[in-house]
Amino acid sequence: MALEPSLRAPLNICVFCSAAELDAVYTDAARTFARLLGERGHSLVWGGSDSGLMKVVADGVQEAGGRLIGISVEFLKNVARANADEMIVTADLAERKAAMLARSDAIVVMVGGTGTLDEATEILELRKHGMHTKPVVILNTAGFYDGLREQMRRMEAEGFLPVPLDKLVSFADDGTEALELLGA
Ligand SMILES: C/C(=C\CNc1ncnc2c1ncn2[C@@H]1O[C@H](COP(=O)(O)O)[C@@H](O)[C@H]1O)CO
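Predicted model, so just to flag it, every value in this text is computed and none were measured. (Residues numbered from 1 in each chain as written. Predicted model: local features only at pLDDT ≥ 70, side-chain atom pairs only at ≥ 80, totals over all residues. Heavy atoms only, no water.)

## Concerning the site of the ligand
Right, on to step 1. Around the ligand, 16 residues are found, and the nearest of them are Ser49, Gly113, Gly115, Thr116 and Glu119.
Right, on to step 2. Within the backbone of Thr114, a nitrogen or oxygen atom sits 3.4 Å from an oxygen atom of the ligand.
Right, on to step 3. Gly115 places a main-chain nitrogen or oxygen 2.8 Å from an oxygen atom of the ligand.
Right, on to step 4. Relative to its unbound accessible area of 620 Å², the ligand is 72% covered by the protein chains.
Right, on to step 5. Mapping the ligand onto the cavity grids shows that it belongs to the largest pocket. (Near = heavy atom within 4 Å. Polar contact = N/O pair within 3.5 Å; in protein donor to acceptor, adjacent residues only side chain to side chain. Areas by Shrake-Rupley, 256 points an atom, 1.4 Å probe, with all protein chains shown as cover. 1 Å grid on protein atoms, 1.4 Å probe; cavity = no way out; pocket = protein on both sides within 12 Å on 5 of 7 lines; lining within 4 Å. Sits in = over half its atoms within 2 Å of the grid points.)

Following this line, the structure appears as structure tokens:
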């Protein structure tokens, strides 16, 4: 049975998402998710930048009262958000992904490009090998990840995955479902 919101422990939720400026179909969904996250007292762990969807999510969490934990990287530190509650600067992308995972209780993958895909696949690969057990949810706004889900189902059906797909990752249609899947 799901716990009442007031009884749920606040989580550090890591969000991977696009650094690009996007259509309202994506920004509206990101704003809604970010607001829920902040209102429920969770903290956002994210790439630290103040651009694109990353900014939309950080703004939404902060405006709703949530904490911001940025994990930037040396070559992008000049575009890091100024008013995050914490900002860590790592030496390179590999160190950054490790720090993001270490600081998080759960991971949500929102719409994004190669940067987001790189982060998502690394986190899933580590989970596959039992290097962590943190839940990973793909927020499939407007069916953006339908193709990826199809590909992963094929990997599972044809024996490419050593663990059942549903033990590796869950897909959510919106922010409410994503938090529900995390019990958050
Ligand atoms: C505004 C400028 C650069 C900002 N770019 C990024 N800042 C911080 N983190 C980034 C940036 N680009 C990629 N990342 C990380 O990858 C994910 C987004 O990548 P995508 O390819 O846009 O999906 C995101 O989760 C970040 O952690 C100057 O041009």
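## Section: the nonpolar core
Right, on to step 1. Judged by nonpolar contacts, the single largest core of 31 residues is most densely connected at Ile13, Val15, Phe33, Val57 and Met110.
Right, on to step 2. Elements with a minimum of two residues in this core: strand S1 (12-16), helix H1 (24-39), strand S2 (43-46), helix H2 (52-63), strand S5 (106-109), strand S6 (136-139) and helix H7 (175-181).
Right, on to step 3. Ignoring anything within four residues of it in the chain, the contact list for Ile13 reads Leu37, His42, Ser43, Leu44, Val45, Ala106, Val108, Leu179, Leu182 and Ala184.
Right, on to step 4. Core analysis: the second largest hydrophobic core is formed by 22 residues, Ile107, Met152, Leu168 and Phe171 among them. (Core = buried A, V, L, I, M, F, W, Y, C linked by side-chain atoms within 4.5 Å. Buried < 20%, exposed > 50% of the residue type's maximum accessible area, 1.4 Å probe, protein only. Helix = DSSP H or I, 4+ residues; strand = E, 2+ residues; numbered from the N terminus. Contact = heavy atoms within 4.5 Å.)

## Comments concerning the domain arrangement of the protein chain
Right, on to step 1. Here the protein chain is partitioned into domain 1 (23-104) and domain 2 (114-184).
Right, on to step 2. Relative placement of domain 1 and domain 2: their C-alpha centres are 20 Å apart.
Right, on to step 3. If you look at the interface, domain 1 gives 14 residues, while domain 2 gives 16 residues.
Right, on to step 4. Taking both partners together, domain 1 and domain 2 bury about 1,300 Å²; carbon and sulfur atoms supply 68% of that area.
Right, on to step 5. Among the residues domain 1 hides against domain 2, the three largest losses belong to Phe33, Lys97 and Leu101. Together they make up 47% of the total.
Right, on to step 6. A salt bridge links Lys97 to Asp118; the shortest N-O distance between them is 2.9 Å.
Right, on to step 7. Counting across the domain 1 and domain 2 interface gives six residue pairs in polar contact (both at pLDDT 80 or more).
Right, on to step 8. Contributions of two or more residues to the side of domain 1 that touches domain 2 are made by H1 and helix H3 (93-102).
Right, on to step 9. Ranked by residues supplied to the side of domain 1 that touches domain 2, first place goes to H1 with six residues.
Right, on to step 10. Considering only residue class, the side of domain 1 that touches domain 2 consists of nine nonpolar, two polar and three charged. (Domains from an automatic or database assignment. Buried area = accessible area lost by both parts, 1.4 Å probe. Salt bridge = Lys/Arg side-chain N within 4 Å of Asp/Glu carboxyl O. Nonpolar A, V, L, I, M, F, W, Y, C, P; charged D, E, K, R; others polar.)

## Section: the sheet that holds S1
Right, on to step 1. Pairing within the open sheet is parallel, and its seven strands lie in the order S4-S3-S2-S1-S5-S6-S7. Looking along the sheet, the strands with just one partner apiece sit at the ends: strand S4 (86-90) and strand S7 (170-172). Between one strand axis and the next, the sheet turns through 25° on average, direction left out of account.
Right, on to step 2. In this sheet, S6 lies alongside S5 in parallel orientation, the contact comprising three bridges. Counterpart to Ile107 in the pairing with S6 is Val136.
Right, on to step 3. Running at roughly 130° to S1, helix H4 (residues 114-128) makes contact with S1, S5 and S6 of the sheet. (Pairing = 2+ DSSP bridges. Axes fitted to C-alpha atoms, helices over the stretch in contact; angles between N-to-C directions.)

## Let's talk about the packing of aromatic side chains
Right, on to step 1. Per the stated rule, a full pass over the model turns up two aromatic pairs.
Right, on to step 2. For the pair Tyr26 and Phe144, a centre-to-centre distance of 5.9 Å together with 80° between the ring planes defines the contact as edge-to-face. Of the two residues, Tyr26 sits in helix H1 while Phe144 sits in the loop between S6 and helix H5 (146-157), which places them 118 residues apart along the sequence.
Right, on to step 3. Taking 4.8 Å as the distance between ring centres and 85° as the angle between the ring planes, the aromatic pair formed by Phe144 and Tyr145 counts as edge-to-face.
Right, on to step 4. Taking relative accessible area as the criterion, Phe144 reaches 36% and is therefore assigned partly exposed.
Right, on to step 5. An aromatic cluster of three or more residues is present, and its members are Tyr26, Phe144 and Tyr145.
Right, on to step 6. Residue placement shows Arg149 over the ring face of Phe171; its charged tip is 5.1 Å from the ring centre. (Phe/Tyr/Trp six-rings, centres within 6.5 Å; stacked < 30°, edge-to-face > 60°. Lys NZ or Arg CZ within 6 Å of the ring centre and 35° of its normal.)

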